[in-house]
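Okay, here's what each chain looks like letter by letter:
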Amino acid sequence: MSKSIGELKGRISMEAASFKDKMNEARGELDKTAISSKNLKRDFDAIQKGAGIVGAAAVAVIGSSVKVAADFQQSMARVRAISGATEEEFGRLEAAARKAGAETIFGATDGADALSYLAMAGFSVNEQISALPAVLDAAIAGNVDLAASADMVSNIMTGFGFTAEDTGHAVDVLVSAMTSANTDMPMLAEGMKYVAPVAKSLGWTFEDTTTALSKLSDAGIQGGQSGTVLRASLLSLANPVGATAKVMKTLGIEAIGADGKMKPLPDLMGHIAEKMEGMTDAQKTQTASQLVGTQAASGFLAILDVGEDELRDYSKALENSAGKAKEMAAIQSDTLVGSFEEFKSAMEEVGISIGNEFLPLFRDIVDAGTGIIEKFGEIDSKSIATIATFVAVASGVAILITTIGKLALALTAFALTPVGAAIIGLSLLGGLIAVAAMNTVDFEEVNLDLAESMIETHDSLQTSIDQFEELKNKSQLSTEEFGRLLDIQDELRTAVDDSKIEKLTAEQEALREKSGLSNKELETMVGLNNDLIEAVPESTELITEQGNRVIGTTDALHEYNAELAESTG
């Protein structure tokens, strides 16, 4: 196969040289005279006829391979920019990403994206390469995409001050917890985001912290709420004031051990349970509220009810969970779907290998045509009116591959007029030109996928707008109150003071109750607000103190979607 690729590459290189000569002639021609509509149509007719002789198989293989290789190249460029890798280090990073793509259900580009998240978390090049296999296992076992897995794992490790060598164990603990408790990887990661730094500073182990979050999840207190509850409990017990200090003194509760650290989870819960022995359920609830605050009391009691022995056994099981992530990843990959995903990943690696052979050539062709763009602005308006009724800059890469496949490879001699060569250059530079007068089947086929994609985008956006309007009309919150609710969520993520957390939580619950929406409906409304603003930034009416953006009316959304519908009609 390498010989065939080499021969084809050599032939294309010769044609590319001829193409550049024609483009230089075109530049001089454009300097001398304007382009008439009639000549443009004639030249496009010639291009269309030339494209018809292309071997479809060669176009598909080379075009798609260059696209895959270009995407991978772009993702790796981001990794290099973030990590500041040397040439030698970058080579090892690229090899690690491609190895992940060749051997797992994820592609090489997925591996590159994961490396970029690890780099952003401050991992060195060696640490990125060392951590990637564990991140791959976490993604497969946790059923999340690879970039999300890298983001979650790196955040947790940073929170606990782990090194790259600890990645495998941390992932094993997380996977073991999510397979034995009512939780999953995103929920555990969200909880850890709130409590990890506090737990670490107080001397708690990763296993004890994970145990506490798991038992809270079993009680229905999950995600960020579990982290908030546990953080509030730890802070209150570690630095007791007011009613907390009074009840701890009365009952003889000592949360801090002789080593100056908070007692391990099983010991702490056993110690407190012993001091509360003989109390009625009502008395226990009242005592828990005094110990950790009313907002955290229910979660604290849920952990207390598990009991010292079960907490110790669970934490010990997590500590001895080596190999759990790899085992679960292997089981989940051992299916028809898993095999197909591995096949696609292997095909991507083949595509990168082939595409890399042609990337320098295609870039050379594109760079050679840059000067033509400057001359394009000098063409008279009547001629421009006969060119491209649709300019798809956003999908330039996809159309570029189509154009290269149909033009650069097909026109074996590039034997067109100088103006025709100019038009080829414009096409190669972004696939920006289509002729309105040429309503042919070939033109429709080239743009069919793009049109269908835009229709799907319109329909999806309309559905989101309708859902948001329904929830907004049902909600009793004003735009300002909704914005305040978004701010409270941000403030709770960083708050460490128990009284502030309690105050923010109370304000949050008051707004939730006033809204008249269920928690799920409110979360959906928040998500739709963020997604719609990202799609149509002009729909923003209010920017809050925390920098959150809030949709006012949906007029801008409807106007944008109407324009989208019109462009596909």
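Residues numbered from 1 in each chain as written. Predicted model: local features only at pLDDT ≥ 70, side-chain atom pairs only at ≥ 80, totals over all residues. Heavy atoms only, no water.

Peer 1: I would appreciate a short explanation of the overall build of the protein in the present structure.
Peer 2: Along its length, the protein carries 27 helices and 2 strands. Contacts spanning at least 24 positions in sequence make up 75% of the contacts within the protein whose residues lie at least 6 apart. Carbon and sulfur atoms form 53% of the exposed surface of the protein, whose accessible area is close to 27,200 Å². (Helix = DSSP H or I, 4+ residues; strand = E, 2+ residues; numbered from the N terminus. Contact = heavy atoms within 4.5 Å. Areas by Shrake-Rupley, 256 points an atom, 1.4 Å probe, with all protein chains shown as cover.)

Peer 1: Would you explain the pattern of salt bridges in this entry?
Peer 2: Pairs can form between side chains of opposite charge whenever their charged atoms are close. One pass over the structure, following the stated rule, counts 13 salt bridges. A salt bridge links Glu-88 to Arg-92, with the nearest nitrogen and oxygen atoms 2.8 Å apart. Of this pair, Glu-88 and Arg-92 both sit in helix α4 (residues 87–103), separated by 4 residues, roughly a single helical turn. Note on Arg-92: relative accessible area 32%, which makes it partly exposed. Within this structure, Asp-267, Glu-308 and Arg-312 form a network of salt bridges that share partners. (Salt bridge = Lys/Arg side-chain N within 4 Å of Asp/Glu carboxyl O. Buried < 20%, exposed > 50% of the residue type's maximum accessible area, 1.4 Å probe, protein only.)

Peer 1: Would you mind showing me how to read unusual backbone geometry here?
Peer 2: The phi torsion of most residues other than glycine is negative, and most of the peptide bonds are trans. Of note, the phi angle at Asn-143 is positive, near 55 degrees, even though the residue is not glycine. Tracing the chain through its elements places Asn-143 in the loop between α6 (125–142) and α7 (146–160).

Peer 1: Help me out: how do you make sense of the nonpolar core in this one?
Peer 2: Here is a general trend for soluble globular proteins: nonpolar side chains tend to be buried in one another's company. One finds Leu-237 and Ile-272 to be the most contacted residues of the largest nonpolar core, which totals 88 residues. Counting residues per element, this core draws most heavily on α6, which supplies 10 residues. When sequence neighbours within four positions are dropped, the list of residues in contact with Ile-272 reads Leu-237, Ile-253, Leu-291, Phe-300 and Leu-304. Phe-482, Leu-486, Leu-504 and Leu-517 belong to the second largest nonpolar core, which has 25 residues in total. (Core = buried A, V, L, I, M, F, W, Y, C linked by side-chain atoms within 4.5 Å.)

Peer 1: So what exactly am I meant to see when it comes to the packing of aromatic side chains here?
Peer 2: Any aromatic ring pair is given by two values, namely how distant the centres are and how the planes are angled relative to each other. Summed over all chains, the structure comprises 3 aromatic pairs. Here the aromatic rings of Phe-160 and Phe-162 are separated by 5.7 Å at their centres, their planes lie at 20 degrees, and the arrangement is stacked. Consider the rings of Phe-162 and Phe-206, whose centres lie 5.3 Å apart with planes at 90 degrees: the pair is edge-to-face. Of this pair, Phe-162 sits in the loop between α7 and α8 (167–178) while Phe-206 is found in helix α10 (residues 206–218), placing the two residues 44 residues apart along the sequence. Members of the aromatic cluster, connected to one another through ring pairs, are Phe-160, Phe-162 and Phe-206. Over the face of the ring belonging to Phe-90 we find Arg-80, whose NZ or CZ atom lies 4.9 Å from the ring centre. (Phe/Tyr/Trp six-rings, centres within 6.5 Å; stacked < 30°, edge-to-face > 60°. Lys NZ or Arg CZ within 6 Å of the ring centre and 35° of its normal.)

Peer 1: Sorry, what's going on with the side chain of Gln-508 here?
Peer 2: If you trace the backbone, Gln-508 turns up in helix α25 (residues 498–515). Aside from chain neighbours lying at most four places away, what touches Gln-508 is Leu-485, Ile-488, Gln-489 and Leu-492.

Peer 1: Looking at this structure, I do not really get a negative patch on the surface. What am I missing?
Peer 2: Together, Glu-538, Asp-555, Glu-559, Glu-563 and Glu-566 make up a negatively charged patch on the protein surface. Note on placement: Glu-538 falls in the loop between α26 (519–535) and β1 (540–543). (Patch = residues over 30% accessible without salt bridge, like charges linked within 9 Å, V, L, I, M, F, W, Y side chains within 5 Å. Lys, Arg positive; Asp, Glu negative; His and termini not counted. Charge placed at Lys NZ, Arg CZ, Asp CG, Glu CD.)

Peer 1: How should I be thinking about α8 in this particular structure?
Peer 2: In an α-helix, one turn spans 3.6 residues; hence positions three or four apart end up facing the same way. The end-to-end C-alpha distance of α8 is 17 Å, a good match for the 16 Å that 12 residues give at a rise of 1.5 Å each. Of all 12 residues in α8, 10 are buried, a share of seventy percent or more. Burial in α8 covers these residues: Thr-167, Ala-170, Val-171, Asp-172, Val-173, Leu-174, Val-175, Ser-176, Ala-177 and Met-178. (Expected span 1.5 Å × (residues − 1).)

Peer 1: What am I meant to see in helix α14 (residues 281–292) here?
Peer 2: For α14, built from 12 residues, the straight-helix expectation of 16 Å at 1.5 Å per residue is met to within 8% by its first-to-last C-alpha distance of 16 Å. What α14 keeps buried is the set Thr-287, Ala-288, Leu-291 and Val-292. The buried side chains of α14 occupy one side of the element, clustering within an arc of 105 degrees when seen end-on. Turned more than 90 degrees from where α14 packs its buried face, Ala-282 and Gln-286 sit exposed. In this structure, the buried side of α14 is in contact with α11 (223–238), α12 (242–251), α13 (265–275), α15 (294–306) and α25. (Arc of directions from axis to C-beta.)

Peer 1: Before we go on, may I ask you to explain the packing of helix α5 (residues 108–120) against α7 in this structure?
Peer 2: Think of two packed helices as two axes; the pair is described by the angle between the axes and how far apart they sit. At their nearest, the axes of α5 and α7 sit 8 Å apart, and the two run at 20 degrees to each other. In this view, α5 runs roughly parallel relative to α7, as classed from their interaxial angle. Helix-helix and strand crossings are classified by hand; for α5 and α7 the assignment is right-handed. Every residue of α7 that contacts α5 at Asp-110, Gly-111, Asp-113, Ala-114, Tyr-117 and Leu-118 is listed here: Leu-146, Ala-147, Ala-150, Asp-151 and Ser-154. Residues of the contact of α5 with α7, tallied by class, amount to 6 nonpolar, 2 polar and 3 charged. (Axes fitted to C-alpha atoms, helices over the stretch in contact; angles between N-to-C directions. Parallel < 35°, antiparallel > 145°, perpendicular 65-115°, else oblique. Left-handed = near helix turned anticlockwise from the far one by under 90°. Nonpolar A, V, L, I, M, F, W, Y, C, P; charged D, E, K, R; others polar.)

Peer 1: Is there a simple way to explain the pairing of β1 in this structure?
Peer 2: Moving residue by residue along a regular strand, the side chains alternate between the two faces of the sheet. When β1 meets strand β2 (residues 549–551), the two strands line up antiparallel, connected through 3 bridges. Pairing of Leu-542 across the sheet is with Val-550, part of β2. (Pairing = 2+ DSSP bridges.)

Peer 1: Sorry, what's going on with the confidence of the model for the protein here?
Peer 2: Close inspection of predicted coordinates is inappropriate for parts of the model with low pLDDT. Residues of the protein with pLDDT of at least 70 account for 65%, and the chain-wide mean is 74. Within the protein, the lowest mean pLDDT, 41, falls on helix α22 (residues 418–428), and the highest, 95, falls on α10. The low-confidence segment residues 29–41, where pLDDT is below 50, has 21 contacts with residues more than four positions distant or belonging to other chains. Ignoring residues within four places in sequence, the model shows residues 46–63, a span with pLDDT below 50, making 30 contacts including any to other chains. (pLDDT = per-residue confidence, 0-100.)

Peer 1: Got a minute to help me understand the environment of Pro-186 in this structure?
Peer 2: Inspection of the secondary structure puts Pro-186 in helix α9 (residues 185–201). Classification of Pro-186 by relative accessible area gives partly exposed; the value is 35%. Sequence spacing of Pro-186 and Gly-142 is 44 residues, and the spatial spacing of their C-alpha atoms is 8.2 Å.

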